[in-house]
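Here is how the chains run, residue by residue.
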Amino acid sequence: MIINIVAIVFGLIACFYGYKAFRVWLALAGLLFGARLGYYLGGYIGEQAWPIIGAIAVGLVICLLSYFLYKLGAVLIGALLGGMFTSVILSALGVTAETWMILVGAAVVAIIAGAFLKQFIIIGSSFQGSYLIVAGAYALFTGMSYAGFDDALQAVELPWYLYVIIVVLGIVGMIVQNSNAKKAPTPPIKA
């Protein structure tokens, strides 16, 4: 039940403030990934304190890199999504996805993500957030655990009307994020 509430809260933040929160979330993801990697690598150096020292050091380095290189992170996310979408679309069409096809799809979406970075982040976070809100609420009200997943970690089939709500809520999230971005004060131009 708690994970469903957490999913709803994170979904609300992502859906309506995703662009503003993106760098922070990317940094937190970098911290968690880096800490895990550092802990793992520290275990090779020695026992006792080394895994903890490695977790702190590598976690902080990747956290800072993620925060300051967020554009690169967004482009890499775009590449990952492009590769996945290409594979799914080709599979739906009955075509076996070859490596070069997936790489082309990844490159195309990465270029689009880099060229339209702000809109890419807004669209992605709005729909990610809307999914978390709806799936979290559905799981909460139906008594399921893990927002969007059951105990076996298999994707839950949502009723069709919830997908309509996800799309509508995602569009509302995009509108809110774009209007918030337009209200932000512009820095003065120095002559």
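These numbers were taken from a predicted model, which means no experiment stands behind them.

1. Section: the overall build of the protein chain
- When its secondary structure is counted, the protein chain shows 6 helices and 0 strands.
- Along the chain direction, N to C, the helices and strands of the protein chain fall in the order α-α-α-α-α-α.
- For the protein chain, the proportion of its 191 residues judged to be buried stands at 32%.
- The contacts in the protein chain between residues at least 6 apart in sequence include a share of 70% that link residues at least 24 apart.
- Here the protein chain displays about 12500 Å² of accessible surface, and carbon together with sulfur accounts for 76% of that area.

2. Comments concerning the packing of helix α3 (residues 70–92) against helix α4 (residues 99–115)
- Two numbers describe how α3 lies on α4: the axes approach to 7 Å, and their chain directions differ by 140 degrees. Viewed along their axes, α3 and α4 adopt a mutual orientation that is oblique. The chirality of how α3 crosses α4 is right-handed. On α4, the residues touching A74, V75, G78, A79, G82, G83, T86, S87 and L90 of α3 are M101, I102, G105, A106, V109, A110, A113 and G114.
- Residues belonging to the contact of α3 with α4 are distributed by class as follows: 10 nonpolar, 7 polar and no charged.

3. Description of the packing of aromatic side chains
- Counted according to the given criterion, the structure contains 4 aromatic pairs.
- Consider the rings of Y40 and Y44, whose centres lie 5.3 Å apart with planes at 90 degrees: the pair is edge-to-face. Taken together, the positions of Y40 and Y44, both in helix α1 (residues 2–45) and 4 residues apart, correspond to about one turn of that helix.
- The class of Y40 is partly exposed, set by a relative accessible area of 46%.

4. Comments concerning the confidence of the model for the protein chain
- Confidence in the prediction for the protein chain averages 85 pLDDT; 88% of positions are at 70 or higher.
- Averaged over each element, pLDDT in the protein chain is lowest for α3 (86) and highest for α4 (93).

5. Overview of a nonpolar patch on the surface
- Taken together, the side chains of V24, L28, V61, L64, L65, Y67, F68, L69, L72 and L76 present a nonpolar region at the surface, about 950 Å² in accessible area.
- If you list the elements that add at least two residues to the nonpolar patch, you get α1, α2 (50–68) and α3.
- By residue number, the principal contributor to the nonpolar patch is α2, which donates 5 residues.
- Its place among the elements puts L28 in helix α1.
- Given the relative accessible area of 45%, L28 is considered partly exposed.

Reading the values: the criteria
- Every residue gets a number counted from 1 within its own chain, in the order that chain's sequence is written.
- Only residues with pLDDT of at least 70 are given local features in this predicted model, and only at 80 or more are side-chain atom pairs given and counted; all residues enter the totals for whole chains, interfaces and linings.
- The side-chain figures draw on all heavy atoms in the structure; neither hydrogens nor water molecules are used.
- Per the convention used, a helix needs a DSSP run of H or I reaching at least four residues, while a strand needs a run of E reaching at least two, with both numbered from the N terminus.
- Three exposure classes are used, based on accessible area relative to the maximum for each residue type with a 1.4 Å probe and protein chains only: buried under 20%, partly exposed in between, and exposed over 50%.
- For this analysis, residues touch if any pair of their heavy atoms sits within 4.5 Å.
- All accessible areas in this document rest on Shrake-Rupley with a 1.4 Å probe, and a residue is counted as covered only by the protein chains that are shown.
- Axis lines are fitted through C-alpha atoms, for helices just across the contact stretch, and the angle between N-to-C directions can take any value from 0 to 180 degrees.
- In what follows, roughly perpendicular refers to angles from 65 to 115 degrees, roughly parallel to angles under 35, roughly antiparallel to angles over 145, and oblique to any angle outside these ranges.
- Handedness of a crossing is defined here by the sense of rotation of the near helix relative to the far one, left-handed for an anticlockwise turn of less than a right angle and right-handed for a clockwise turn.
- Gly is placed with the polar residues, together with every amino acid not listed as nonpolar (Ala, Val, Leu, Ile, Met, Phe, Trp, Tyr, Cys and Pro) or charged (Asp, Glu, Lys and Arg).
- Only the six-membered ring of Trp is used, alongside the rings of Phe and Tyr, when aromatic pairs are assigned; centres must lie within 6.5 Å, and planes under 30 degrees apart are stacked while those over 60 apart are edge-to-face, with the rest tilted.
- Within a predicted model, pLDDT stands for the predictor's per-residue confidence, ranging from 0 to 100.
- Like-charged residues within 9 Å of one another, or nonpolar side chains (Val, Leu, Ile, Met, Phe, Trp, Tyr) within 5 Å, are grouped into patches, provided each residue has over 30% relative accessible area and no salt bridge.
- Any carboxyl oxygen of Asp or Glu within 4 Å of a side-chain nitrogen of Lys or Arg constitutes a salt bridge here.

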